[in-house]
Amino acid sequence: MAHEPRSFLCAPGLRIENQERMTQLQFTQLNQALVKIEGMMERLEKRLWLTVYGVVAVILAQAVQSILRHLP
């Protein structure tokens, strides 16, 4: 019977494997956090533009009212 070679697992090798797994988990969590932040930034940008458009609309409305007051 032919035996397949098995890798020898020693403490330093296990530590490296564990460190690699931890690093991969950290990168996965970091990517998830970045996706969340990007979504929040998009929503904030939409709110900001709505605010800008609202302020411009109020200024234009006041200008139109001022013009209409001065017409005979």
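Criteria and cut-off values
Residues numbered from 1 in each chain as written. Predicted model: local features only at pLDDT ≥ 70, side-chain atom pairs only at ≥ 80, totals over all residues. Heavy atoms only, no water. Helix = DSSP H or I, 4+ residues; strand = E, 2+ residues; numbered from the N terminus. Buried < 20%, exposed > 50% of the residue type's maximum accessible area, 1.4 Å probe, protein only. Areas by Shrake-Rupley, 256 points an atom, 1.4 Å probe, with all protein chains shown as cover. Patch = residues over 30% accessible without salt bridge, like charges linked within 9 Å, V, L, I, M, F, W, Y side chains within 5 Å. Salt bridge = Lys/Arg side-chain N within 4 Å of Asp/Glu carboxyl O. UniProt positions renumbered as here; feature names shortened; annotations may be inferred.

A.B. asks: What am I meant to see in the overall build of the protein here?
C.D. replies: Helices and strands together make up the secondary structure of the protein, namely 1 helix and 0 strands. Counting the 72 residues in the protein, one finds 1% classified as buried. Carbon and sulfur atoms make up 66% of the accessible area of the protein, which amounts to about 7400 Å² in all.

A.B. asks: Would you mind showing me how to read a nonpolar patch on the surface here?
C.D. replies: A cluster of nonpolar side chains, Phe 27, Leu 30, Leu 34, Ile 37, Met 40 and Met 41, forms an exposed patch at the surface whose accessible area comes to about 590 Å². For Phe 27, the position within the fold is in helix α1 (residues 11-70).

A.B. asks: Would you explain the UniProt feature "transmembrane region" (unreviewed entry) in the protein in this entry?
C.D. replies: Following the UniProt record, the feature "transmembrane region" (unreviewed entry) maps to residues 48-68 here. The straight-line gap between the two end C-alpha atoms of residues 48-68 is 30 Å; of that span, 100% is helix and 0% is strand.

A.B. asks: Mind showing me how you'd approach the pattern of salt bridges here?
C.D. replies: Two side chains with opposite charge may pair up if their charged atoms get near one another. This model, assessed by the stated rule, comprises 1 salt bridge. Note that Glu 17 is salt-bridged to Arg 21, the shortest N-O span being 3.5 Å. On the criterion of helical spacing, the pair formed by Glu 17 and Arg 21 is a turn pair, its members being 4 residues apart in helix α1. Judged by relative accessible area, Glu 17 falls into the partly exposed class, the value being 34%.

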